[in-house]
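Chains, contacts and geometry: an overview
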Amino acid sequence: MIKDLKLFQELAELLLEEEQNNPVAKPIATDLLYHKLDLSLNDKGIVDEELKDVLSSIIRTTPKTASKLFFNQLFGGRIGKAALGDLLAVLLNNSMYTYKVAGPQVGIEKVILKEISARINYGNNSDGTFASGGSMTNYIAMLMARDRFDPSIRTEGYTKKLVAYTSESSHYSIEKNASFLGIGRHQIRKIASDNYGKMIPEKLQKCIADDLNKGYHPFFVNATAGTTVLGAFDDIYALSQVCNKNDIWLHVDGAYCGSVIFSNNYKHLINGIEFSDSFSVNAHKMLGTPLTSSIILTKDKKHLHDSLSNDADYLYQTDGDDFNLGKTSLQCGRRNNALKLWTLWKSVGHKGLEKIVDKQFYLAKIAREYIKSNESYKLYSFDDSISVCFNYKDIPAKLLCTELYENSELMVGFGQFKGQEFVRLVTINSTLQEEDIKNFFSTLERYVRHKILK
Ligand SMILES: *Cc1c(COP(=O)(O)O)cnc(C)c1O
């Protein structure tokens, strides 16, 4: 193992060098992938220098999500202490289902859940769990809502037509989860968003009333804290009023921007969160931990137990249920995705997490101001969002993003809102500085200038 750790150190140093010197790895066309790299698995294995060479070539050609030119996704960058925690989790290799097997790691997960619960004023009766990603934490939310609405569905299956609500700007996992749960994709009502990308509460109320009239059973509303394209925040308080009136479960999908709970300057964006029934957040997005660290909280832990608990004598042999996390999780064997967040949090404190969050809004503001001050750009996004959407010189966004990527200039994606396509610059990497944002624009402009000259 010591030998492998030494090799790891060497390869990790190569990766850091590559991030500096070749921040946008030259993409390999899919039809050339198996020619350019030796990914084959053979009868005979390889070791030492040969293995190191293959791994090095894979590292060189893999996209660099921690580079200063990666703006493509709702994650990016690397915070050393969070990576450290995750590397330790790999070596420790616990499974989070029982205290017997995970020991203090259980306490680490529980402390995180408790601290998050305190930030959203869920009270002493709340609990939560980690899942493999934000899509799966949304799944758990819908599952708990379904079982609260009609506990007999767990054993008998569906006898009623259930319907759920989310905005047209929400994440696709809501529909996908409805199909997984047997509710059906077509039973998800897509409520219109306003021009800022927020769900319109009056349209929600109207849609619920129509469904009730038609004999449907509304059971779940999904609000989004940070929509995938515009980074918009639904008005949670207004939506909670509608849910309260109709006795419907309100979930807040904060996978993208739920981490505003850590910032005194931005937590107002989720005002009313204490009136929701469940809340999910991805630490691997705004908090910058390695993928994945996805958390869901519910205000009343009863629902977590009702929906997820199963008895298994071969597994739960010691300790109280409170410390056997398998009783409240979707999976059986479960990776430790808490330690990376805990290590980060422990090392920077509450204040440090706040700084990480605030920095992203600061970088987004720099980007928006640059765009506003330059007539060749058109801005599509709004204040209080870390998704900065724009077009440059009317160049089709898809074309521009593809060319920048294929020519190893920048990794940035595009999105659409109300029929308009644009570049989406995501300022989620809190380790970047103002000059890195300026460099993003100058790289883009230089590229376009040279292209036109050619
Ligand atoms: C990213 C995202 C998800 C999905 O999270 P994964 O961890 O990628 O599964 C869900 N909802 C929103 C709003 C997101 O931005």
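This structure is a prediction, so every number in the text was calculated from the model and none was measured.

So, about the side chain of threonine 227. Locating threonine 227 in the fold gives a position in the loop between strand 5 (217-224) and helix 11 (236-246). Setting aside its immediate chain neighbours within four residues, threonine 227 contacts Ser169, Gly197, Ala232 and Tyr256.

Evaluated as defined, the whole model comprises 18 aromatic pairs. Here phenylalanine 440 and phenylalanine 441 contribute two aromatic rings whose centre-to-centre distance is 5.1 Å and whose plane-to-plane angle is 85°, an arrangement assigned as edge-to-face. What makes phenylalanine 440 buried here is its relative accessible area of 0%. Here the guanidinium or amino end of lysine 110 rests over the ring plane of phenylalanine 323, the centre of that ring lying 4.6 Å away. The residue whose ring lies beneath arginine 189 is tyrosine 216, and the NZ or CZ to ring-centre distance is 5.0 Å.

What follows is about the domain arrangement of the protein. Interface size is commonly expressed as the accessible surface area that is lost when the partners come together. Domain boundaries assigned for the protein yield domain 1 (2-62), domain 2 (84-342) and domain 3 (351-452). Put simply, the middle of domain 2 and the middle of domain 3, counted by C-alpha atoms, are 30 Å apart. Each partner contributes residues to the interface: domain 2 has 26 residues there, and domain 3 has 23 residues. Of all residues in domain 2, Val229, Leu230 and Met286 give up the largest surface area on contact with domain 3, accounting jointly for 32% of the area buried on that side. The tally of links between domain 2 and domain 3 comes to one salt bridge. In this structure, the salt-bridge partner of glutamate 168 is lysine 418, at a minimum N-O distance of 3.3 Å.

Further remarks concern the site of the ligand. Around the ligand sit 15 residues, and of these Gly134, Ser135, Asp253, Asn282 and Lys285 come closest. Contact distances for the ligand include 2.6 Å between a nitrogen atom and a side-chain N or O atom of aspartate 253. In the complex, the protein chains occlude 85% of the 380 Å² of accessible area that the ligand would expose alone. The element contributing the most residues to the shell around the ligand is helix 7 (residues 134-149), with three residues.

The terminal C-alpha atoms of helix 4 (residues 80-92) lie 18 Å apart, and with 13 residues this matches the ideal 18 Å at 1.5 Å per residue to within 8%. Looking at the buried side of helix 4, the elements it contacts are helix 13 (339-372).

Turning next to the packing of helix 1 (residues 2-21) against helix 3 (residues 48-61). With their axes 10 Å apart at the nearest point, helix 1 and helix 3 run at an angle of 30° to one another. Judged by the angle between their axes, helix 1 and helix 3 are roughly parallel. For the element pair helix 1 and helix 3, the recorded crossing hand is right-handed. Two secondary-structure elements touch here, helix 1 through Lys3, Leu7, Glu10, Leu11, Leu14, Leu15 and Glu18 and helix 3 through Asp48, Lys52, Leu55, Ser56, Ile59 and Arg60. Within the contact of helix 1 with helix 3, the residues separate by chemical class into six nonpolar, one polar and six charged.

What counts as what
Residues numbered from 1 in each chain as written. Predicted model: local features only at pLDDT ≥ 70, side-chain atom pairs only at ≥ 80, totals over all residues. Heavy atoms only, no water. Helix = DSSP H or I, 4+ residues; strand = E, 2+ residues; numbered from the N terminus. Contact = heavy atoms within 4.5 Å. Phe/Tyr/Trp six-rings, centres within 6.5 Å; stacked < 30°, edge-to-face > 60°. Buried < 20%, exposed > 50% of the residue type's maximum accessible area, 1.4 Å probe, protein only. Lys NZ or Arg CZ within 6 Å of the ring centre and 35° of its normal. Domains from an automatic or database assignment. Buried area = accessible area lost by both parts, 1.4 Å probe. Salt bridge = Lys/Arg side-chain N within 4 Å of Asp/Glu carboxyl O. Near = heavy atom within 4 Å. Polar contact = N/O pair within 3.5 Å; in protein donor to acceptor, adjacent residues only side chain to side chain. Areas by Shrake-Rupley, 256 points an atom, 1.4 Å probe, with all protein chains shown as cover. Expected span 1.5 Å × (residues − 1). Axes fitted to C-alpha atoms, helices over the stretch in contact; angles between N-to-C directions. Parallel < 35°, antiparallel > 145°, perpendicular 65-115°, else oblique. Left-handed = near helix turned anticlockwise from the far one by under 90°. Nonpolar A, V, L, I, M, F, W, Y, C, P; charged D, E, K, R; others polar.

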